[in-house]
Amino acid sequence: MRHILLAGLAAILVQGSAAAQEVTLRAVSAFAEGTEFSRNFERFIEKVNSDGKGLIKINYIGGPRAVPPFEVGNAVRSRVVDMANVTGAFYTNLMPEADGLKLNGRPMSEQRANGTWDFINQLHNQRLNSQYLARQFHNVAFHIYLNKKIEKIDFTGLKIRVTPVYKDVVEALGGTPITTPPGEVYTALERGVADGYGWPITGIFDLGWEKVTKFRMEPPFYSVEVNVLVNLEAWRSLNDAQRRLLNEAALWLEGLDDEKVAVIKAEPERQAAAGIQALDFGPAAAKAFLDRAYEVAWQSVIKRAPETGPKLRQFAGN
Ligand code: 173
């Protein structure tokens, strides 16, 4: 009897001290829950919560209903949340260099080995008061989707929904950019407020955009970047074991990019089956477009970040 009581007491004490050590981090995503650019982050949370029992717990508050997409960078900077899944395009106001992250499509294993990650992490430390824990989707590219047919790559007379990802190239090709968060794209197309939009090759089915999309312009361009950021005070308050756990999960998350190869290959057919027609103007037009797209984007980054922009370009090697 006495033994049972003592064992029970010991169990309570152990549990109590484990609970005291377990840290809870509040996390949000800039993309809707359960959609393409939140899903792998949500798997990351599940992994951390199962591998890190007693050590660390991520409390997922959710997507844009919790924090508006363009506010997420500021929320993690000021520690309204501890962790965020967000693209640099949504926080260029706080970090102009963030607009250059899409111009580096090298695998993260390479970026971590050659100093790129380190440099970008320092920028996040300084400008966003956060740790650059992981970058996802390096091998997924963007497209311009249209509802009006064009005969060459020229957006004159077209209103195109953008974020900072596509703004410079849309303007360079004569289009009128209209900035909206993803949640407003469907309505903008349905009402004809926009004649097209920028978006990656993946994810248009998540929000039903195939119903309001006629064409996808080739070629694909740039490189998607969706980052997991941790507020710097939150990061520094963790112990070594907790940081190690998050870093290991971050590498696992970056490795999920391998799954995208098959998805990207299948997506054009899936879009074609939904009635979305590819507009392909051939290799010479594609090359001219890509050259222009990269050039105007780098010029814009370097103009706004003259000290650090050139170094980012060096790392990207294009
Ligand atoms: O189009 C967008 O909203 C955008 O900038 C983006 C960035 C990364 C992934 C998906 C969309």
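Sequence positions are assigned chain by chain, starting from 1 and proceeding in written order. In keeping with the predicted nature of the model, local features appear solely for residues at pLDDT of at least 70, side-chain atom pairs appear and are counted solely at 80 or more, and the whole-chain, interface and lining totals rest on all residues. The basis for the side-chain values is all heavy atoms of the structure; hydrogens and waters are excluded.

Participant: Would you explain the overall build of the protein chain in this entry?
Facilitator: Strands are runs of DSSP state E lasting at least two residues, helices are runs of H or I lasting at least four, and both sets are numbered from the N terminus onward. Summing up its helical and strand segments, the protein chain has twelve helices and eleven strands in all. Within these notes, the globule rule equals 2.2 Å times the number of residues to the 0.38 power, and the radius of gyration is based on C-alpha atoms. By the compact-globule yardstick of 20 Å for 318 residues, the protein chain fits well, its C-alpha radius of gyration being 22 Å. Looking at the protein chain as a whole, 52% of its 318 residues qualify as buried. Contacts are residue-level and defined by heavy atoms, with any inter-residue pair within 4.5 Å sufficient. In the protein chain, of all internal contacts separated by at least 6 residues, the share reaching a separation of at least 24 is 78%. Only carbon and sulfur atoms are counted for the fraction: they give 54% of the accessible area of the protein chain, which is about 14300 Å². For every residue, the accessible area obtained with a 1.4 Å probe (protein chains only) is divided by the maximum for its type, and the residue is called buried under 20%, exposed over 50%, and partly exposed between those limits. Using a 1.4 Å probe, accessible areas were evaluated by the Shrake-Rupley method; residue-level cover was limited to the displayed protein chains.

Participant: Can you walk me through the sheet that holds strand β9 (residues 215–221) in this structure?
Facilitator: Pairing between the strands of a sheet is mediated by backbone hydrogen bonds and can be parallel or antiparallel. A pair of strands counts as paired when DSSP detects no fewer than two bridges linking them. Pairing in this open sheet of six strands is mixed, and the strands run β7-β6-β8-β5-β9-β11 from one edge to the other. Bordering the open sheet on either side are β7 (176–179) and β11 (277–279), each of which pairs with just one other strand. Strand-to-strand twist in this sheet, taken as the mean axis angle between neighbours without regard to direction, amounts to 35°. Sheet topology places strand β6 (residues 159–162) next to β7; four bridges connect them, and they run parallel. For I160, the partnering residue across the bridge sits in β7 and is P177. Interaxial angles span 0 to 180 degrees and are taken between N-to-C directions of axes, which are lines fitted to C-alpha atoms, for helices over the stretch in contact.

Participant: So what exactly am I meant to see when it comes to the side chain of N104 here?
Facilitator: By the element assignment, N104 lies in the loop between β3 (83–86) and α4 (108–113). Reaching out from N104, the side chain makes a polar contact with the backbone nitrogen of R106 at a distance of 3.0 Å. Polar contacts here mean pairs of N or O atoms no more than 3.5 Å apart (in protein, one a potential hydrogen donor and the other a potential acceptor; neighbouring residues in sequence count only if both atoms are side-chain atoms). A distance of 3.3 Å separates the side chain of N104 from the side chain of Q111, its partner in a polar contact. Not counting the four nearest positions on each side in its chain, N104 is found in contact with Q111, T116, R135, S223, F315 and A316.

Participant: Before we go on, may I ask you to explain the side chain of T308 in this structure?
Facilitator: One can find T308 in the loop between α11 (282–304) and α12 (309–316). Side-chain polar atoms of T308 contact the side chain of E97, separated by 2.5 Å. Every residue in contact with T308, bar those within four places of it in the chain, is listed here: E97, F119, L123 and R127.

Participant: When you look at the packing of aromatic side chains in this model, what are you seeing that I'm missing?
Facilitator: For any two aromatic rings, the description comes down to two numbers: the centre-to-centre distance and the angle of the planes. Two aromatic rings from Phe, Tyr or Trp, using only the six-membered ring of Trp, form a pair when their centres are within 6.5 Å; if the ring planes differ by under 30 degrees the pair is stacked, by over 60 it is edge-to-face, and anything between is tilted. In the structure shown here, the tally under the stated rule is 18 aromatic pairs. For the ring pair F119 and F315, a centre distance of 5.9 Å and an interplane angle of 40° mean the geometry is tilted. Residue F119 is located in helix α5 (residues 116–128), and its partner F315 is located in helix α12; the two are separated by 196 residues in the primary sequence. Between Y197 and W209 the ring centres are 5.3 Å apart and the planes differ by 80°, which places this aromatic pair in the edge-to-face class. Remark: W209 occurs in the loop between β8 (196–200) and β9 and Y197 occurs in strand β8; sequence separation between them is twelve residues.

Participant: I tried to follow the pairing of β3 on my own but got confused; where do I start?
Facilitator: Along any regular strand, the residues point their side chains to alternate faces of the sheet. Both faces of β3 are covered, namely the face carrying M83 and N85 and the face carrying A84 and V86. Relative to β3, strand β1 (residues 23–29) is paired through three bridges, and the arrangement is parallel. Paired with A27 across the bridge in β3 is M83.

Participant: Is there a simple way to explain the packing of helix α6 (residues 164–172) against α11 in this structure?
Facilitator: Helices that pack against each other are described as a pair by the angle of their axes relative to one another and the distance between those axes. Two elements in contact, α6 and α11, have axes separated by 9 Å at closest approach and are oriented at 120°. Overall, the two elements α6 and α11 adopt an arrangement that is oblique. Regarding α6 and α11, the two cross each other, and that crossing is right-handed. The residues of α11 that touch α6, namely those facing D168, V169 and A172, are F289, R292, A293, V296 and S300. When residues are grouped by polarity, Ala, Val, Leu, Ile, Met, Phe, Trp, Tyr, Cys and Pro land in nonpolar, Asp, Glu, Lys and Arg in charged, and all others, Gly among them, in polar. In terms of residue class, the contact of α6 with α11 is made up of five nonpolar, one polar and two charged. Throughout this description, any angle smaller than 35 degrees is read as roughly parallel, any larger than 145 degrees as roughly antiparallel, any in the 65 to 115 degree range as roughly perpendicular, and the remainder as oblique. Should the near helix be turned anticlockwise from the far one by less than a right angle, the crossing is left-handed, and should it be turned clockwise, the crossing is right-handed.

Participant: Just checking my understanding: could you explain the pattern of salt bridges for this structure?
Facilitator: Charged atoms that come close allow side chains of opposite charge to pair. For this document, the term salt bridge refers to a Lys or Arg side-chain nitrogen within 4 Å of an Asp or Glu carboxyl oxygen. All told, the structure shown has 20 salt bridges when counted by the stated rule. Close ionic contact of E36 with R39 constitutes a salt bridge, the shortest N to O distance being 2.8 Å. Within this pair, E36 and its partner R39 are both found in helix α2 (residues 36–51), separated by three residues, close to a single helical turn. Looking at E36, the relative accessible area reads 8%, which means it is buried. Residues E97 and R127 are paired through a salt bridge, measuring 2.6 Å at the closest nitrogen-oxygen approach. Taken together, the residues E97 in the loop between β3 and α4 and R127 in helix α5 connect sequence positions 30 residues apart. For E97, a relative accessible area of 1% puts it in the buried group. Classification of R127 as partly exposed rests on a relative accessible area of 31%. Here the salt bridges do not stand alone but share partners, grouping E36, R39, D206 and K260 into one network.

Participant: Honestly, the confidence of the model for the protein chain in this entry has me stumped. Any pointers?
Facilitator: Caution applies to low-pLDDT parts of the model: their predicted coordinates are not meant to be read in detail. A residue's pLDDT is the predictor's confidence in that residue, given on a scale from 0 to 100. For the protein chain, the average pLDDT comes to 95, and 94% of its residues sit at 70 or higher. This model gives residues 9–19 a pLDDT under 50, and the stretch forms one contact once residues within four places in sequence are excluded.

Participant: When you look at the sheet that holds β1 in this model, what are you seeing that I'm missing?
Facilitator: The strand order across the open sheet formed by five strands is β2-β1-β3-β10-β4, and the pairing between neighbours is mixed. Bordering the open sheet on either side are β2 (56–62) and β4 (130–136), each of which pairs with just one other strand. Strand-to-strand twist of the sheet, defined as the mean angle between neighbouring strand axes without regard to direction, takes the value 25°. As judged from the six bridges shared by β1 and β2, these two strands associate in the parallel manner. The residue bridging V23 from the neighbouring strand is I56, located in β2. Of the strands in this sheet, β1, β2, β3, β4 and β10 (226–231) touch helix α9 (residues 240–255), which is tilted by about 25° from β4.

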